[in-house]
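Listed below are the residues making up each chain.
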Amino acid sequence: DPAANAVRVLKLTNWFAGPVHTDPLPANATDPTPVDRHPLGGLALVPSTPSVYLVNGLNQSAPGGHPTDTWKFDLNAGSWSKVADPATGPHPPNYDASSPAEMIYDPSLNKVVYLSTTYFTGTDTWLLDPATNRWNALPKDPSSATANVSASGAAYDSRRSRIVTFRGGIEYNSSSPKLWSYSASENKWTALADAPIAACAPGFAYDSLHDVFLAPVGTKTLIYDPKTDQWSDVSTPIERGVQR
C-alpha cells in the first residue's frame, strides 16, 4: 500500500525448499501454489480481474527443472490456480535461464503480453486472454528481428496504447541504452531514442500524470519524454548500488 507505506503477506507457499530439491508440502494437494522460483520479468497485474499472473521463471532444483507454466493469483480470494502449461495447449517456452522475458498487461486489448527474446532472431510475442487463460503466439513481424529486449525494464504507455522497453539485449547480463516501443494491436516494433547511458535489467516506470518515463540508473534518474523522443537526467545525492 503506497499510501500507507505498508506491506502485508497475502499468501504463503505450500512448497518446502530442501537442501537438494524442492518438495510439495501436504497442504499443496488441496491448496496448490506455484513452486518457488525467481519470477524475473514474468509477473503481470490484471486490474479488471483483479489477479496477478506468474509465467515461467527460474528454479533449476524444481521438479523437472526450471518451471514452464502459468499461474493466476486471485487477489480477492487470496488463492493460486494453475491455468496453463504445455500440456494444456500452446505455451511460451522457458528461455529465462539465459534470456529473461518481459511480461505486461495491455488494457487496450485486455491481454497479457509476454515478450521473449531468442538468440539472433529477435523477440517472440505471446498473448494471454484472461477470460480463457489461453496463450496465442503472434506471427513474427520483421520489425522484431533487431528488437532484443531480454531483461529490459518494461512499462505501458497508456496515452499511446503501447509497451515501452528500456535496455535491449539478448542476455540478462548485457548493458544497453536501447529504447523500444511495441504495439501489440499492430504487432510492430519501433526504435526510439537511445538513453544517454546504458543499463542492465533496469527499473522502468511510466508516470501517466506527467506523461514521462523514469529509470533509476546508478546515481542518476533518467527521464524519457515520449512527446519529444528525448532523454534527460537528474543527478541524485546517494548511490543506489549497481548500474540497474
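See the structure above.
Residues numbered from 1 in each chain as written. Predicted model: local features only at pLDDT ≥ 70, side-chain atom pairs only at ≥ 80, totals over all residues. Heavy atoms only, no water.

Asks: Is there a simple way to explain the nonpolar core in this structure?
Replies: What tends to happen in soluble globular proteins is that the nonpolar side chains get buried as a cluster. Within the largest apolar cluster, 16 residues are counted, with the highest numbers of intra-cluster contacts made by Phe 166, Leu 179, Phe 204, Phe 213, Leu 222 and Trp 231. Only β12 (162-166), β16 (212-217) and β17 (220-225) provide two or more residues apiece to this core. If you tally residues by element for this core, the top one is β16, at three residues. Ignoring sequence-local partners within four residues, the contact set of Phe 213 consists of Ala 155, Asp 157, Val 164, Phe 204, Ala 205, Tyr 206, Leu 222, Ile 223, Tyr 224 and Pro 226. Judged by nonpolar contacts, the second largest core, of 14 residues, contains Val 83, Tyr 105, Tyr 114 and Trp 135. (Core = buried A, V, L, I, M, F, W, Y, C linked by side-chain atoms within 4.5 Å. Buried < 20%, exposed > 50% of the residue type's maximum accessible area, 1.4 Å probe, protein only. Helix = DSSP H or I, 4+ residues; strand = E, 2+ residues; numbered from the N terminus. Contact = heavy atoms within 4.5 Å.)

Asks: What's the story with empty space enclosed by the protein in this structure? I'm lost.
Replies: Rolled over the atoms, a probe as big as a water molecule pinpoints where empty space is left. For the coordinates displayed, the defined rule picks out one cavity of 30 Å³ or more. Here the largest cavity defines a volume of roughly 40 Å³. Forming the boundary of the largest cavity are Thr 123, Asp 124, Thr 125, Leu 138, Pro 139, Lys 140, Asp 141, Ser 144, Tyr 182, Asn 187 and Trp 189. Broken down by element, the residue count for the lining of the largest cavity peaks at three residues, all from strand β9 (residues 122-129). Classifying every residue of the lining of the largest cavity gives four nonpolar, four polar and three charged. (1 Å grid on protein atoms, 1.4 Å probe; cavity = no way out; pocket = protein on both sides within 12 Å on 5 of 7 lines; lining within 4 Å. Points joined across faces, edges and corners; volume = space filled by probe spheres on them. Nonpolar A, V, L, I, M, F, W, Y, C, P; charged D, E, K, R; others polar.)

Asks: Please clarify how the sheet that holds strand β13 (residues 179-183) should be interpreted in this entry.
Replies: Two modes of strand pairing occur in sheets, parallel and antiparallel, and in both the strands are linked by backbone hydrogen bonds. In space, the four strands of this open sheet follow the order β11-β12-β13-β14, with antiparallel pairing throughout. This sheet does not close on itself; its edge strands, each paired only once, are β11 (153-157) and β14 (188-191). Averaged over neighbouring strand pairs, the angle between their axes works out to 25° when direction is ignored. In this sheet, β12 lies alongside β11 in antiparallel orientation, the contact comprising five bridges. Bridge pairing links Ala 154 to Thr 165 in β12. (Pairing = 2+ DSSP bridges. Axes fitted to C-alpha atoms, helices over the stretch in contact; angles between N-to-C directions.)

Asks: Could you clarify how one ought to interpret the layout of surface pockets in this entry?
Replies: In this model, the largest pocket occupies a volume close to 360 Å³. In terms of lining, the largest pocket is formed by 20 residues, of which the most central are Leu 40, Gly 41, Glu 102, Ala 151 and Ala 201. Listing elements by their share of the lining of the largest pocket, those giving two or more residues are β7 (102-106) and β11. Taken as a whole, the second largest pocket spans an internal volume of roughly 180 Å³. Lining the second largest pocket are Lys 11, Leu 12, Thr 13, Thr 33, Pro 34, Val 35, Asp 36, Arg 37, Pro 39, Leu 43, Leu 54 and Trp 80.

Asks: Please explain the packing of aromatic side chains as it appears in this structure.
Replies: For any pair of aromatic rings, the description rests on two quantities: the centre-to-centre distance and the angle between the ring planes. Following the criterion strictly, the structure yields ten aromatic pairs and no others. A centroid spacing of 5.1 Å and a plane angle of 55° characterise the contact between Phe 73 and Trp 80, whose relative ring orientation is tilted. Phe 73 gets classed as buried once you look at its relative accessible area, which sits at 5%. Relative to Phe 204, the ring of Phe 166 lies with its centre 5.7 Å away and its plane at 45°, an arrangement referred to as tilted. Of this pair, Phe 166 sits in strand β12 while Phe 204 sits in the loop between β14 and β15 (205-207), placing them 38 residues apart in sequence. Here Phe 166 and Phe 204 have matching classes, each one buried. Three or more aromatic residues link up through ring pairs in this structure, and these residues are Phe 166, Phe 204, Tyr 206, Phe 213, Tyr 224 and Trp 231. (Phe/Tyr/Trp six-rings, centres within 6.5 Å; stacked < 30°, edge-to-face > 60°.)

Asks: I would appreciate a short explanation of the pairing of β7 in the present structure.
Replies: Moving residue by residue along a regular strand, the side chains alternate between the two faces of the sheet. Here β7 lies mainly inside the structure; five of its five residues are buried. Of the two faces of β7, the one lined by Glu 102, Ile 104 and Asp 106 and the one lined by Met 103 and Tyr 105 are each fully buried. Where β7 meets strand β8 (residues 111-118), five bridges bridge the pair, whose relative direction is antiparallel. Residue pairing in the sheet places Tyr 105 in a bridge with Val 112 of β8. Linking two consecutive strands that pair antiparallel, namely β7 and β8, is a turn of four residues; a positive phi of about 55° is found at Asn 110 within it.

Asks: What am I meant to see in the environment of Ser 98 here?
Replies: Counting through the fold element by element, Ser 98 comes out in the loop between β6 (79-84) and β7. Judged by relative accessible area, Ser 98 falls into the partly exposed class, the value being 28%. With 21 residues separating them in the primary sequence, Ser 98 and Tyr 119 have C-alpha atoms 9.6 Å apart. Leaving out residues up to four positions away in the same chain, Ser 98 has contacts with Tyr 119, Ile 170, Glu 171 and Tyr 172.

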